[in-house]
Amino acid sequence: MRSNFKTDKMEDIIHLLPDAVANQIAAGEVVQRPASAVKELLENAIDAGATTVQLVVKDAGRTLIQVIDDGKGMSFNDARLCFERHATSKIRKADDLFSLQTKGFRGEALASIAAIAHVELKTKRAEDETGTLVLIEGSEIKEHSLTTTADGTSIAVKNLFFNVPARRNFLKSDNTEFGCIEEEFTRVALIHPDVAFTLYHNGKLTYQLKPGNFKQRIVGIFGSHFNDKLFPIEQETTFIKISGFLGKPECAKKKKAEQYMFINHRFIKHNSLHFSVESAYDQVLPDGTHPPYFLCIEVDPATIDVNISPTKIDIKLQDDRVVYGFLHAAVKKAIGEFSLVPQLDFDYNTELDLDNVPQGGPVRVPKLTLDPTYNPFKSFANPSRGGGGSYHPQRPTTAAPDWDNFLKEIHNTELVSEELPEQSVMQFDESPATNIQEVDAFQMFQKRYLVVKLEEKMYVFDTVRANERIIYESYLQALKEEPVVVQQSLFPETITLKGSKAELLSEIKDDLLKLGYDIEPISGGNFAVNGTPHNEDASDVQTLVENLLDDYQSNMMSYRAEREKNLALSLARQKKSVMKPLTALPEVNNFLQQLFSCLMPSITPSGAKVFEVVELESLFRQ
Ligand code: ADP
Ligand code: MG
């Protein structure tokens, strides 16, 4: 350790602090509570290449924090040297900071911990015959000797803050402190699913995590109910890769959601990146709720600075805006794809929600619970959203909408959103309520847009898009449970298809029958249309089927959609425009009822928004 520096001039008053004191001061930044020591020790174990890491904690870390790993261990000398400040094996020169592959690099964690606790280190490299024992208390080496021990490293930190009573007194209840330890443990364990972890608290096995993939690790930590709460995100360009899992909108929480973001395998806290994720959900979530997410971002280490705080969880990005935009777009895209093509859970093979399209009947309560008071326009202008509100629909008044202002609002909104990268073109909106009240006045605009007033807000529905959503879900149901009734034709029409289209039609003809189309191959590319859906205009089946097959084929490529959903989507797209303008109140109420009985009323299965909400108050403002 550094020797005390003495001056011979009595009038000089500056002196260097002894190492023990300097380390104690540094410890104030690095080790704020037991959980901070846990984080540093776990990260050292990972950096040492461990495949199995055990964490043993007593009294929420007050009396003991021990980390045992099977990593590469340390030599006799290194075992002593690692407690020196700025002693690290991870970087040699400042430049190395920008090509970091390790968690640690500041070389101050062990020095800090040793300054404020009793530490027992046992370590052995596989190539050495014997291991090393080091005992150190308040920076003072008490023992440095050979010992027998397993390959790897065990560091036991006892009586944390024994010489810093102020810190000790500031510790919270065991519950809180252990909660913080669990959180640190979770952060490290999540992003290293290939490493086995165990956590014992007061002799009790609290976590036992087997090596596996990321999804299995999430489920291992948070429980099997997470298995069907998530959908994957995967997006890559030459400079950034995003992967991981996002929570389904219906899993959003009012309180703390499970939100984990990692950059280059390091847990980070980054407000604007966090906001870029949450805002991508904006229009599918009620106000004041937060989606779970588990995101792994990989960028060139040269483009981030992780050395801006001693705890290394804050980072600086060279180009915030690009990462922000990309992340935002990737999350939106993933949400859009999920709503269109719910993925099968590849690990556990459980089907996701959209597969369980509810049974028929007049009113089905949609899964999405969304907040009607949230105004999407406001959210574009002002990122911080207020708290949620309750839903008390009022009778509509007779005030006529101010179209000029309304269109201006929409226009402004689009201008703002244009700043986002191209991938983010999909827009979502929220639904007014789970249990839609009847309206008693409405307006149609351009024969397509339905305007109703609920509470102090104006809702404008694109009825064609709404129709796409409604029929998409009804087709899914027809495919699974209740086939559409076929109207047999007396004089079957013949249609002709070429090559792959003819093959495809033969392949999906059984499913088409469930949707009301009874089509049988005759010869070559000729098919007889023996029946069409009951109660439907059956004109021009040739064009309908051709367009349907075109769409089906391109969905197959762009969405890897499974057969039934693809068919439902393709047919819904062909049929959406048969939506007739709504003319009478009962029709309107029936339409709203149908839409809000859907699982995802706010977006079409192709990801376009179904309605807009405008606060009336903002319409009449200048
Ligand atoms: P840093 O991790 O920033 O290098 P630390 O104070 O945490 O600083 O650790 C100092 C050094 O001690 C590390 O660089 C590493 O060489 C060694 N070390 C610490 N923990 C372990 C471990 N569990 N296994 C092997 N080596 C370790
Ligand atoms: Mg370290």
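These numbers come from a predicted model, not from an experiment. Residue numbers restart at each chain and count upward from 1, following the sequence in its written direction. All chains are assigned letters beginning at A, and all ligands numbers beginning at 1, according to the order in which they are written. In keeping with the predicted nature of the model, local features appear solely for residues at pLDDT of at least 70, side-chain atom pairs appear and are counted solely at 80 or more, and the whole-chain, interface and lining totals rest on all residues. Water and hydrogen atoms were dropped before computing side-chain values, which therefore reflect all heavy atoms in the structure.

1. Focus on helix 1 (residues 19-30)
Step number 1: Under the 1.5 Å per step criterion, the end-to-end length of helix 1 is 16 Å for 12 residues, consistent within 8% with the ideal 16 Å.
Step number 2: Burial classes: relative accessible area under 20% of the type maximum marks a residue as buried, over 50% as exposed, and values in between as partly exposed (1.4 Å probe, protein chains only). Starting at the N terminus, helices and strands are each numbered in turn, a helix being any DSSP run of H or I of at least four residues and a strand any DSSP run of E of at least two. Within the sequence span of helix 1, burial applies to Asp 19, Ala 22, Asn 23, Ala 26, Ala 27 and Val 30. Down the axis of helix 1, the buried side of the element spans an arc of 145°, and every buried residue falls inside it.
Step number 3: We call two residues in contact when some of their heavy atoms are within 4.5 Å. Against helix 2 (34-47), helix 4 (109-115) and helix 5 (165-170) lie the buried residues of helix 1. In this analysis, the expected span of each helix is defined as 1.5 Å times one less than the number of residues it contains. The directions considered for the arc are those from the helix axis to the C-beta atoms.

2. A few points about the packing of aromatic side chains
Step number 1: Note on ring pairs: Phe, Tyr and Trp rings are taken, using the six-membered ring of Trp, and paired if centres are within 6.5 Å. Classes follow the plane angle, with under 30 degrees stacked, over 60 edge-to-face and the rest tilted. The final tally for this structure, using the stated rule, is 18 aromatic pairs.
Step number 2: Measuring from ring centre to ring centre gives 6.2 Å for Phe 461 and Phe 591, while their planes differ by 90°; the resulting arrangement is edge-to-face. Note that Phe 461 is positioned in strand 18 (residues 457-462) and Phe 591 in helix 16 (residues 585-596), a separation of 130 residues in sequence. Like Phe 591, Phe 461 is buried.
Step number 3: An aromatic cluster of three or more residues is present, and its members are Phe 222, Phe 226, Tyr 260, Phe 262, Phe 267 and Phe 294.
Step number 4: To sit over a ring, a charge needs its Lys NZ or Arg CZ within 6 Å of the ring centre and within 35 degrees of the ring normal. The ring of Phe 226 is capped by Lys 229, whose NZ or CZ atom sits 4.9 Å from the centre of that ring.

3. Some points on the layout of surface pockets
Picture a little ball the size of a water molecule; that probe, rolled over the atoms, points out where space is still empty.
Step number 1: Residues are called lining when one of their atoms sits within 4 Å of a cavity or pocket point, these points coming from a 1 Å grid over the protein atoms alone, where a cavity is a set in which a 1.4 Å probe fits but cannot get out and a pocket is an open set with protein on both sides within 12 Å along at least five of seven lines. Grid points are joined across faces, edges and corners, and a volume is the space filled by probe spheres set on the points. Looking at the largest pocket, its volume works out to about 1,300 Å³.
Step number 2: Where the lining of the largest pocket is concerned, the elements lending two or more residues are helix 12 (463-480), strand 21 (526-533), helix 14 (541-559), helix 15 (563-575) and helix 16.
Step number 3: The dominant element in the lining of the largest pocket, judged by the number of residues it contributes, is helix 12, at 8 residues.
Step number 4: Empty space within the second largest pocket amounts to approximately 730 Å³.

4. Here we look at the sheet that holds strand 22 (residues 611-615)
Step number 1: The strand order across the open sheet formed by 4 strands is 16-17-18-22, and the pairing between neighbours is antiparallel. Either end of the sheet is taken by a strand with one partner, and the two such strands are strand 16 (443-445) and strand 22. Within the sheet, the average angular offset between the axes of one strand and its neighbour, ignoring direction, is 25°.
Step number 2: Relative to strand 18, strand 17 (residues 449-454) runs antiparallel, the two sharing 6 bridges. The criterion for strand pairing is that DSSP finds at least two bridges linking the strands in question. Axis lines are fitted through C-alpha atoms, for helices just across the contact stretch, and the angle between N-to-C directions can take any value from 0 to 180 degrees.

5. Topic: the site of ligand 1
Step number 1: Every one of the 18 residues lining ligand 1 counts as a neighbour, but Asn 44, Thr 88, Ser 89, Lys 90 and Phe 105 are closest to it.
Step number 2: In the model, an oxygen atom of ligand 1 is placed 3.1 Å from a nitrogen or oxygen of the Arg 106 main chain.
Step number 3: Measuring from an oxygen atom of ligand 1, one finds a backbone N or O atom of Leu 110 at 2.9 Å.
Step number 4: The residue inventory of the shell around ligand 1, partitioned by class, reads 7 nonpolar, 7 polar and 4 charged. Whether a residue is near a molecule or strand depends on its heavy atoms: if one lies within 4 Å, it is near. Residues adjacent in sequence count toward polar contacts only when both atoms are side-chain atoms; beyond that, a polar contact is any pair of N or O atoms within 3.5 Å, and within protein one must be able to donate a hydrogen and the other to accept it. Lys, Arg, Asp and Glu make up the charged group, whereas Ala, Val, Leu, Ile, Met, Phe, Trp, Tyr, Cys and Pro make up the nonpolar group; the residues left over, Gly among them, are polar.

6. Description of the sheet that holds strand 19 (residues 486-496)
Step number 1: Spatial ordering of the open sheet is given by 19-21-20, a layout of 3 strands whose pairing is antiparallel. At either margin of the open sheet sits one strand with a lone partner, and together these are strand 19 and strand 20 (518-523). Taking each pair of neighbouring strands and ignoring which way they run, the sheet shows an average axis angle of 20°.
Step number 2: Against the sheet, helix 13 (residues 499-514) engages strand 19, strand 20 and strand 21, with an angle of about 150° to strand 20.

7. What about the confidence of the model for the chain?
Step number 1: When pLDDT is averaged across the chain, the result is 79; 81% of the residues are at 70 or more.
Step number 2: For every residue, the predictor reports its confidence as pLDDT, a number between 0 and 100. pLDDT under 50 marks residues 341-434. Its contacts with residues more than four places away, or in other chains, come to 228 contacts.

8. Brief notes about empty space enclosed by the protein
Step number 1: Here the structure, examined in full by the defined rule, presents 4 cavities of 30 Å³ or more.
Step number 2: Along the walls of the largest cavity sit Lys 39, Glu 43, Lys 103, Glu 184, Arg 187, Val 188, Ile 191, His 265, Arg 266, Phe 267, Lys 312 and Ile 313, which together make up its complete lining.
Step number 3: Counting residues per element, the ones that place at least two in the lining of the largest cavity are helix 2, helix 6 (174-190) and strand 12 (266-267).
Step number 4: Looking at the lining of the largest cavity, the element that brings in the most residues is helix 6, giving 3 residues.
Step number 5: In the lining of the largest cavity, the residues fall into 4 nonpolar, 1 polar and 7 charged.

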